[in-house]
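Chain residues, written in single-letter form:
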Amino acid sequence: MNILLCSAEVTPFAKAGGLADMAASLSKDLAKLGHNVMLIMPKYGDIDTNAFKLENTGHTIGVPMGTWMEYCGLWRATLPGSKVTTYFIQSAEYFDREGIYGNPDGFGDNDRRYIFFSRAVFEIAKVLDFSPDIIHAHDYHTALTMPFLKIHYKSDPHFFKTAGVYTIHNMAFHGMFEPQQNMFLCGFGEFFNGSWFEYQGAMNFMKAGILFADKITTVSPTYAQEIRFTSAGEGLQSELNQRGPDVIGVLNGVDYSEWNPERDKLLPITYSKMYLGGKKENKRRYLAEHGVHEGELMQDLPMLGIVARLTDQKGIDLLEKTIEGFIQNGIIRFTMLGTGSKQYESYFQYLAAKYSTRSFVHIGYNNTISHRLIASCDFLLVPSKFEPCGLTQLYALKYGTIPIVRHTGGLADTIQEYDPASGKGNGIVFHQYSPEDFAGAIRRAVLLYNTQPHWNQIIQNAFGCDYSAKKCAERYTEVYAWALEKI
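Bear in mind the structure is a predicted one, so any value in this text is a computation, not a measurement.

Novice: Help me out: how do you make sense of the overall build of the chain in this one?
Specialist: Scanning the chain from terminus to terminus reveals 18 helices and 18 strands. The globule rule puts the C-alpha radius of gyration for 487 residues at 23 Å, and the 23 Å found for the chain is close to it. For the C-alpha atoms alone, the extent of the chain along its principal axes is close to 70 × 45 × 40 Å. Buried positions account for 61% of the 487 residues belonging to the chain. Sequence-distant contacts in the chain: of pairs separated by 6 or more residues, those separated by 24 or more amount to 72%. Just so you have it, the chain exposes about 18800 Å², and 50% of that area is on carbon and sulfur atoms. Within the chain, the 51 negative side-chain charges are centred at a point lying 5 Å from the centre of the 45 positive side-chain charges.

And the structure:
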């Protein structure tokens, strides 16, 4: 199949979250399965053109906006670790700025930026003479490719046999904007109230993606049910149930060419399930680099870590209410990597200052630290309020690091509570979103850490899990075939 995949972020070029990892790993594995993949994203101002060997194609692309034409340049590079050609939309007005979305509040013109991006996708394909069987869009940023396909491009020879697949990574971000100007820019006409674009008086990009796509996917089977039948649908439950048979949960996968402790070049020491001494050495070096002296290293405390955006969605308020007691009483060591709410950043900096040999904090995002933290920890914390899929718990399993998770979304699909009686299970799971239930999970983890043979058993169970991106790509190949049946 010819597959055109468009995403606002792609690892390693630009990343804000799991969307970037999924867009990259899925593209690589679809190509490995023999599909012809074209990947398109914006050329943000802080993408390192030289490091990633971007080259200017020389094309200038006309993009219809309202009743006029705007223009973009087109660059290309090869997605590292693959043969997938990635195209970058260059626009000084829309993308030549620092960052992706304009955190924390978003750029004021994100509606116009992503209308332009979504429309440019089609014009680029035409200039490059690429006729896709599938256009695969992700989240609200490219949701409008679905109505563009059906309204503006269905009779175009490049697209009349093209099906649209729309993936929801997080229902919390609909992309809701002022309607009149944006309907005009999209060329969708004046009819708005009660239309497939309208939601509470705003133009809702995600709603349009859901209603116009041939198939709708989300990033785990449990989340696919939660968004239809619970408040996790964020008000779009009716639309999702209207499309019920077309809503499919496809579990995200991990790019094991990047996330594999046996050949991870970012680690001081590589290791495997057969050589756990390497994992212990990574932990020892991590602690030593953070000022833990040799004598203190003799005290073998379990180390709990978290790599996350510092938001309420990720359960950071639960951490704020529970973790200090465990650190203060010398029960655990704690380390984190993340950025987000200033309140939470300040709290973790307070912990690092007060407990300098038991709490280690990194504000921001750093890929090397992410790998080293996950490899060095004994447990990874994922106490999310809701979690469409989650990737960090999957990385942790591959590194023999035991996830402590709340039973929700993709966490429920991938992590099962360890059962000492049967020796089965790969993590610690709590159900109620409460400090008490979370603290109980940490206590169970500490007890497990100090109990053999169960500690070795759960580590081996974790290593035995396979959540490869290849499985995800194979499942998407099926979804694409189903979407094409609707054409």
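Okay, back to it.
Novice: Whenever I open this one, the packing of helix α11 (residues 316–328) against helix α12 (residues 342–354) confuses me. Can you help?
Specialist: Angle between the axes and distance between the axes are the two parameters that describe a pair of packed helices. For the pair α11 and α12, interaxial distance at closest approach is 11 Å and the crossing angle is 5°. On the basis of the axis angle, α11 is roughly parallel to α12. From α11, Ile316, Asp317, Leu319, Glu320, Ile323, Glu324, Ile327 and Gln328 reach across to α12, where they touch Gln343, Tyr344, Tyr347, Phe348, Tyr350, Leu351 and Lys354. Looking at side-chain class alone, the contact of α11 with α12 contains nine nonpolar, two polar and four charged residues.

Novice: So what exactly am I meant to see when it comes to helix α6 (residues 205–212) here?
Specialist: Because an α-helix completes one turn every 3.6 residues, residues spaced three or four positions apart along the sequence face the same direction. Burial of α6 is extensive: eight of the eight residues sit out of reach of the surface. Within α6, the full set of buried residues consists of Phe205, Met206, Lys207, Ala208, Gly209, Ile210, Leu211 and Phe212. By the N-cap criterion, in which a side-chain oxygen at the helix start approaches the backbone nitrogen of a residue two or three places on, α6 is capped by Asn204, the distance to Met206 being 3.0 Å.

Novice: Help me understand the sheet that holds strand β9 (residues 198–199), please; the structure alone is not making it clear to me.
Specialist: The strands making up a sheet associate through hydrogen bonds between their backbones, and the pairing can be parallel or antiparallel. Within the open sheet, the three strands sit side by side as β8-β10-β9. Their pairing is antiparallel. Bordering the open sheet on either side are β8 (176–177) and β9, each of which pairs with just one other strand. Bridge count between β9 and strand β10 (residues 202–204): two bridges; the pairing is antiparallel. Note that in β10 the partner of Tyr199 across the bridge is Ala202. Strand contacts of α6: β8, β9 and β10, with the helix running at about 45° to β10, the strand carrying the most contacts.

Novice: I keep staring at the side chain of Thr322 and nothing clicks. Help me out?
Specialist: On the secondary structure map, Thr322 appears in helix α11. The buried category is assigned to Thr322, whose relative accessible area is 9%. A polar atom in the side chain of Thr322 sits 2.8 Å from the backbone oxygen of Leu318. Sequence-distant contacts of Thr322, that is, excluding residues within four places in its chain, are made with Pro435, Phe438 and Ala439.

Novice: I would appreciate a short explanation of the sheet that holds strand β18 (residues 428–430) in the present structure.
Specialist: With parallel pairing, six strands are arranged side by side in an open sheet as β15-β14-β13-β16-β17-β18. The open sheet has two edge strands with one neighbour each: β15 (359–363) and β18. For this sheet, the mean inter-axis angle between neighbouring strands, taken without regard to orientation, is 15°. Along the sheet face, α11 touches β13 (303–307), β14 (333–338), β15, β16 (379–382) and β18 and points at about 150° away from the line of β14. α12 rests against β14 and β15 of the sheet, and its axis sits at about 145° to β15.

Novice: Honestly, unusual backbone geometry in this entry has me stumped. Any pointers?
Specialist: What is expected of a backbone is that most residues other than glycine have negative phi and most peptide bonds are trans. Of note, the amide linkage connecting Thr11 to Pro12 takes the cis form, showing an omega dihedral of 5°. Considering the arrangement of structural elements, one finds Pro12 in the loop between β1 (2–6) and α1 (18–32). Cis geometry is adopted by the peptide bond preceding Pro453, which originates at Gln452 and carries an omega value of 10°. Mapped onto the fold, Pro453 is located in the loop between α16 (435–449) and α17 (454–463). Phi is positive for Glu234, close to 50°, though the residue is something other than glycine. According to the relative accessible area criterion, Glu234 is partly exposed, its value standing at 36%.

Novice: I keep staring at the state of the cysteines and nothing clicks. Help me out?
Specialist: Two cysteines whose sulfur atoms are joined by a covalent bond form what is called a disulfide. Counted by the stated rule, this structure contains zero disulfides. Between Cys186, a free cysteine, and Cys6, which holds the nearest cysteine sulfur, the sulfur-to-sulfur gap is 14 Å. Not engaged in a disulfide, the cysteine Cys377 finds its nearest cysteine sulfur in Cys465; these two sulfurs lie 18 Å apart.

Novice: Just checking my understanding: could you explain the environment of Val361 for this structure?
Specialist: Note on placement: Val361 falls in strand β15. Put simply, Val361 and Arg444 are 83 residues apart on the chain and 24 Å apart in space, counted from C-alpha to C-alpha. Those residues in contact with Val361 that sit more than four places away from it in its chain are Met336, Phe348, Gln349 and Ala352.

Novice: Got a minute to help me understand the side chain of Thr167 in this structure?
Specialist: With respect to the helices, strands and loops of the structure, Thr167 is situated in strand β7 (residues 163–168). For Thr167, the side chain forms a polar contact with the side chain of Thr217, separated by 2.6 Å. The contact partners of Thr167, leaving out residues within four places of it in the chain, are His136, Ala137, His138, Asp139, Thr217, Val219 and Tyr476.

Novice: Looking at this structure, how should I read the packing of α1 against helix α18 (residues 469–485)?
Specialist: At their nearest, the axes of α1 and α18 sit 9 Å apart, and the two run at 75° to each other. By the angle between their axes, α1 is roughly perpendicular relative to α18. Counting all contacts with α1, which are made through Met22, Ser25, Leu26, Asp29 and Leu30, the residues of α18 involved are Ala469, Lys470, Cys472, Ala473, Tyr476, Thr477 and Tyr480. Split into classes, the residues belonging to the contact of α1 with α18 amount to eight nonpolar, two polar and two charged.

Novice: Honestly, the packing of aromatic side chains in this entry has me stumped. Any pointers?
Specialist: One pair of aromatic rings is described through two measures. These are the centre distance and the angle between the planes. Taken as a whole, this structure holds 32 aromatic pairs when the rule is applied. Geometrically, the ring pair formed by Phe148 and Phe188 is tilted, given 5.3 Å between the ring centres and 40° between the ring planes. With a gap of 40 residues between them, Phe148 in helix α4 (residues 145–151) and Phe188 in the loop between α5 (179–186) and β9 connect regions that are remote in the sequence. Here Phe188 falls in the buried class, since its relative accessible area comes to 12%. A connected cluster of aromatic rings, assembled from ring pairs, spans Tyr44, Tyr94, Phe95, Tyr101, Tyr114, Phe116, Phe117, Tyr140, Phe177 and Phe205. In this structure, Lys43 is placed above the aromatic ring of Trp75, and the distance from its NZ or CZ to the ring centre is 4.7 Å. Over the ring of Phe107 we find Arg97; its NZ or CZ atom is 4.7 Å from the centre of that ring.

The rules behind the values
Residues numbered from 1 in each chain as written. Predicted model: local features only at pLDDT ≥ 70, side-chain atom pairs only at ≥ 80, totals over all residues. Heavy atoms only, no water. Helix = DSSP H or I, 4+ residues; strand = E, 2+ residues; numbered from the N terminus. Rg over C-alpha atoms; globule rule 2.2 N^0.38 Å. Buried < 20%, exposed > 50% of the residue type's maximum accessible area, 1.4 Å probe, protein only. Contact = heavy atoms within 4.5 Å. Areas by Shrake-Rupley, 256 points an atom, 1.4 Å probe, with all protein chains shown as cover. Lys, Arg positive; Asp, Glu negative; His and termini not counted. Charge placed at Lys NZ, Arg CZ, Asp CG, Glu CD. Axes fitted to C-alpha atoms, helices over the stretch in contact; angles between N-to-C directions. Parallel < 35°, antiparallel > 145°, perpendicular 65-115°, else oblique. Nonpolar A, V, L, I, M, F, W, Y, C, P; charged D, E, K, R; others polar. Polar contact = N/O pair within 3.5 Å; in protein donor to acceptor, adjacent residues only side chain to side chain. Pairing = 2+ DSSP bridges. Disulfide = S-S within 2.5 Å. Phe/Tyr/Trp six-rings, centres within 6.5 Å; stacked < 30°, edge-to-face > 60°. Lys NZ or Arg CZ within 6 Å of the ring centre and 35° of its normal.

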